[in-house]
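A closer look at the structure
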Amino acid sequence: MSHPWLCPCANHPNGQPPPGGCCSARCPSARQVLGQGDLANRALCCWRSCDHGGCAGPVPVQPSHGTGAACPGAGIPPAGMVLGTINHRVLGATETGSAWVLASPGGWRDWGATPPSASKRGPPKMRWLRQQGRCWWHINWRRRRPGAESGPVGGAPSPRVKVHRDAGRCWHGMRCTAVLGAARAASTAPLLRGRLLGLARRTMATSPLCVPPPQGLLRPLAVPERLLLGPGPSNVPPRILAAGSQQLLGHMHPEVLQVMDEIKAGIQYAFQTQNRLTLAISGTGHCAMEAALLNLLEHGDTALVAINGIWGQRAADITRRLGANVHELLKPPGEYFTPWDIKEGLAQHKPSVLFITHGESSTGVLQPLEGLGELCHRHGCLLLVDAVASLGGAPIFMDQQEIDVLYSGSQKVLNAPPGSAPISFSERAREKMLRRKTKPPSFYLDMGWLGNYWGCDGEPRRYHHTAPINSFFSLREGLAMLAELGLESSWERHRANCAQLCQGLRDLGLELFVKEEKARLPTVTTVRVPEGYNWKDIVAFLMDNHAIEIAGGLGASVGQVLRIGLMGCNSTSGNVDRVLSALRDALRCCQRSRL
């Protein structure tokens with residue numbers, strides 16, 4: 001039997017050991033491939049000798065590898081890694097609890113804390129190891145019968161076979177030691193590792209597993225450090241990271257329900273509302289948009305959607321899918337709607353819901369909301385506002401501005417990971433939902449169920465879905481940090497840093513996309529792509545050379561603008577200076593088109 005991957009020495013072709021044992025004790029190249037120490041070398045000598053006609057005699061490995069004897073120095077192999085072959089059978093290792101199993105191609109199997117019973121016969125032909133502290137312990141199988149083919153015999157360990165300190169009879173333990181030694185060497189020898197993996201792939205043809213373990217998942221996760229100054233998500237501060245890494249609790253545990261109540265209070269503060277139906281959707285801002293529309297609208301209802309960027313386009317798309325009649329109010333990117341624009345649309349189309357975006361992050365526009373709620377209510381219409389990019393960065397007063405439905409996201413100014421979305425419904429909106437003729441088309445986003453789970457209806461809470469507990473922990477801390485800073489301080493910080501950024505961009509000779517200062521979104525600033533430059537080159541240069549993310553346009557603004565976000569903890573004067581310096585460097589180094 002050939003094992004060319006075990007010894008690179010050309011002195012013994014076909015893997016045949018020389019008289020007196022393997023060359024590994026003498027061959028420098030073999031020692032280099034096999035790795036640290038000579039345990040694996042000496043164990044390999046016994047393995048190869050046994051594999052070609054019986055053990056060559058006592059081998060100086062201490063201690064011996066019989067029942068209950070440790071295998072010192074054998075590194076713990078990675079889970080799922082194929083280690084080698086014994087008698088043409090591929091061995092692998094996988095961790096299941098405290099046990100490791102070396103298995104034949106017939107499939108993985110774990111016998112738990114004990115080897116198979118004496119009555120177990122035949123198919124498994126596996127070797128059983130268990131972890132004990134930092135050592136590996138080997139439970140020997142019955143020694144092969146004299147004259148039998150090379151290979152283990154199925155069944156349990158035989159108590160009659162005395163293998164302690166008997167290298168001639170512990171051939172199987174020595175082989176396992178060699179396999180583990182080769183695995184440890186493989187971690188430091190790319191060539192050997194490649195040959196092992198190649199052997200595994202060839203053997204997959206005889207295995208019921210047709211998909212091997214993904215190689216990318218066998219490597220450690222590596223996440224680079226970057227400053228996220230795009231339109232979102234923003235960087236997560238250590239306090240919120242720590243909250244999200246807390247141990248899980250059950251989604252109906254009283255401690256989790258208490259966290260949900262605190263989130264509800266934090267949303268009411270951030271939105272400036274006293275609405276009972278206030279909660280966080282288990283999903284992103286898109287999910288909250290869909291939840292708002294599908295709970296308010298039924299088939300045949302009429303909706304008016306104000307579109308001056310991508311979020312109005314998305315809302316119109318969702319509304320059409322619900323079977324509602326959609327009318328669009330249009331403004332070019334970079335402009336906002338006046339009360340007169342809204343009044344004309346309401347009078348002409350008589351909608352039951354008006355959708356408008358407070359912070360249009362695709363164009364950098366901040367939509368004025370004063371008077372729009374009162375205007376909608378005079379026309380028998382509800383006002384639905386998207387504040388994903390603006391919450392905490394620009395003033396908004398849900399109750400005072402008579403907003404009926406308001407939603408946001410966790411990953412912008414709140415600096416929490418994406419995956420939870422604050423939302424609130426006024427009494428007018430709640431009453432409209434109660435008058436529905438049909439159930440909402442989504443059970444997951446049904447506000448009747450969600451409101452009960454969040455304790456908004458005064459009834460005992462019922463299970464609705466398994467909430468993302470750790471996302472709620474993170475959102476709770478994000479809202480807590482906003483409350484500690486104070487809304488007015490947060491609004492002022494974002495305004496001041498946005499003004500500093502805009503002035504710095506002008507000093508670089510760049511043109512701001514939104515002309516009116518009062519209509520500029522403090523959290524996302526848009527600047528025109530300078531003439532002669534490719535926006536992709538600028539974005540890539542900042543990422544590759546400064547580890548800073550900014551973004552190009554989105555929707556109708558693609559190719560026209562660069563978007564720079566200053567949100568939450570990222571909205572600092574130092575970050576403004578850093579991104580301006582990086583842009584100055586990019587304008588100097590990026591190649592300009594001659595056209």
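Up top is the structure these notes are about.
I will try to describe carefully the structure that is included in this document. (Residues numbered from 1 in each chain as written. Predicted model: local features only at pLDDT ≥ 70, side-chain atom pairs only at ≥ 80, totals over all residues. Heavy atoms only, no water.)

Across its full length, the chain holds 16 helices and 19 strands. Once local pairs closer than 6 in sequence are excluded, the contacts in the chain between residues at least 24 apart make up 67%. When the accessible surface of the chain is totalled, it reaches about 27000 Å², and 54% of it is carbon and sulfur. (Helix = DSSP H or I, 4+ residues; strand = E, 2+ residues; numbered from the N terminus. Contact = heavy atoms within 4.5 Å. Areas by Shrake-Rupley, 256 points an atom, 1.4 Å probe, with all protein chains shown as cover.)

Quick look at the sheet that holds strand β19 (residues 561-565) now. Read across the sheet, three strands follow the order β16-β19-β18 without closing on themselves; strand pairing throughout is antiparallel. What marks the edges here is a single partner per strand, and that holds for β16 (524-528) and β18 (551-552). By the bridge criterion, two bridges tie β18 to β19 in an arrangement that is antiparallel. Looking at β19, one finds that Gly552 is bridged to Leu562. Packing of helix α14 (residues 487-507) onto the sheet brings it into contact with β16 and β19, and relative to β16 it is tilted by some 10°. (Pairing = 2+ DSSP bridges. Axes fitted to C-alpha atoms, helices over the stretch in contact; angles between N-to-C directions.)

This structure, assessed with the given rule, holds 16 salt bridges. Arg239 serves as the salt-bridge partner of Glu477, at 2.7 Å between the closest nitrogen and oxygen. Placement of Glu477 in helix α13 (residues 469-485) and of Arg239 in helix α5 (residues 238-244) is noted, with a sequence separation of 238 residues between them. Relative accessible area serves as the criterion here: at 13%, Glu477 is assigned to the buried category. (Salt bridge = Lys/Arg side-chain N within 4 Å of Asp/Glu carboxyl O. Buried < 20%, exposed > 50% of the residue type's maximum accessible area, 1.4 Å probe, protein only.)

So, about the sheet that holds strand β10 (residues 353-357). Taking strand neighbours across the sheet as the criterion, the seven strands line up as β7-β15-β14-β13-β10-β8-β9 in an open arrangement whose pairing is mixed. Every other strand in the sheet has two partners, leaving β7 (277-281) and β9 (325-330) as the edge strands with one partner each. The mean inter-strand angle of the sheet, taken between neighbouring strand axes irrespective of direction, is 15°. Here β7 pairs with strand β15 (residues 421-425) via five bridges, running antiparallel. Pairing of Ile281 across the sheet is with Ala421, part of β15. Across the face of the sheet, helix α6 (residues 254-271) comes into contact with β7, β14 (405-407) and β15 while running at roughly 105° to β7.

This paragraph deals with the packing of aromatic side chains. Counted by the stated rule, this structure contains three aromatic pairs. Aromatic side chains Phe397 and Trp491 sit 5.5 Å apart centroid to centroid with 75° between the ring planes, which places their arrangement in the edge-to-face category. Of this pair, Phe397 sits in the loop between β13 (382-386) and β14 while Trp491 sits in helix α14, and the two are 94 residues apart along the sequence. The partly exposed category is assigned to Phe397, whose relative accessible area is 26%. Among the residues examined, Trp491 registers a relative accessible area of 11% and is labelled buried. The ring centre of Trp449 lies 4.9 Å from the NZ or CZ of Arg462, which sits over that ring. (Phe/Tyr/Trp six-rings, centres within 6.5 Å; stacked < 30°, edge-to-face > 60°. Lys NZ or Arg CZ within 6 Å of the ring centre and 35° of its normal.)

By secondary structure assignment, the location of Leu580 is in helix α16 (residues 573-589). Relative accessible area serves as the criterion here: at 8%, Leu580 is assigned to the buried category. In sequence terms Leu580 and Gly504 are 76 residues apart; their C-alpha atoms lie 6.7 Å from each other. Ignoring anything within four residues of it in the chain, the contact list for Leu580 reads Leu501, Gly504, Leu505 and Leu508.

Burial runs high along strand β8 (residues 302-307): six of the six residues are buried. Neither face of β8 is exposed, since Thr302, Leu304 and Ala306 on one face and Ala303, Val305 and Ile307 on the opposite face are all buried. Direction of pairing for β8 relative to β9: parallel, over a ladder of six bridges. Bridge pairing in β9 places Ala303 opposite Val326. In terms of handedness, the path from β8 via helix α8 (residues 310-321) over to β9 forms a crossover that is right-handed. The sheet contact formed by β8 and β10 spans three bridges and is parallel. If you follow Val305 over to β10, its bridge partner there is Phe355. (Right-handed = clockwise from strand over helix to strand, strands pointing away.)

Further remarks concern the side chain of Ser426. Mapped onto the fold, Ser426 is located in the loop between β15 and α11 (427-434). Every residue in contact with Ser426, bar those within four places of it in the chain, is listed here: Asn275, Met398, Ile403 and Asp404.

Here we come to the nonpolar core. Grouped together as the largest cluster of nonpolar side chains are 82 residues, with contacts concentrated most on Ile281 and Ile423. Those residues in contact with Ile281, other than ones at most four positions away along the chain, are Cys287, Ala288, Ala291, Gly419, Ser420, Ala421, Ile423, Leu445, Met447 and Leu450. (Core = buried A, V, L, I, M, F, W, Y, C linked by side-chain atoms within 4.5 Å.)

In terms of residue burial, β10 counts as a mostly covered element, since five of its five residues are buried. Every second residue of β10 is oriented toward a common face, with Val353, Phe355 and Thr357 on one face and Leu354 and Ile356 on the other, all of them buried. Sheet topology note: the β10/β13 ladder contains five bridges and is parallel. The partner of Phe355 across the bridge, within β13, is Leu384.

To continue, consider the side chain of Thr278. Note on placement: Thr278 falls in strand β7. For Thr278, a relative accessible area of 0% corresponds to the buried category. From its side chain, Thr278 meets the backbone oxygen of Asn275 in a polar contact 2.8 Å long. Among the polar contacts made by the side chain of Thr278, one reaches the side chain of Ser424 at a distance of 2.8 Å. (Polar contact = N/O pair within 3.5 Å; in protein donor to acceptor, adjacent residues only side chain to side chain.)

For the rest of this paragraph, the subject is α16. Between its first and last C-alpha atoms α16 spans 25 Å; for 17 residues at 1.5 Å apiece the expected length is 24 Å, and the two agree. When we look at burial in α16, the residues that qualify are Asn575, Val576, Val579, Leu580, Ala582, Leu583, Asp585, Ala586 and Leu587. Buried-residue contacts for α16 involve β6 (227-228), α14, α15 (535-546), β17 (548-549) and β19. (Expected span 1.5 Å × (residues − 1).)

Turning to the packing of α15 against α16, a few remarks are in order. Close contact between α15 and α16 brings their axes to 9 Å; oriented N to C, the two are set at 115°. Handedness of the crossing formed by α15 with α16: right-handed. In this structure, α15 uses Ile538, Phe541, Leu542 and His546 to contact α16, whose residues at the interface are Arg578, Val579, Ala582, Leu583, Asp585, Ala586, Leu587 and Cys589. Of the residues assigned to the contact of α15 with α16, the class counts are nine nonpolar, one polar and two charged. (Left-handed = near helix turned anticlockwise from the far one by under 90°. Nonpolar A, V, L, I, M, F, W, Y, C, P; charged D, E, K, R; others polar.)

Take Ser573: it is sitting in helix α16. With 72 residues separating them along the chain, Ser573 and Leu501 place their C-alpha atoms 8.6 Å apart. Setting aside chain neighbours within four positions, we find Ser573 in contact with Asn497 and Gln500.

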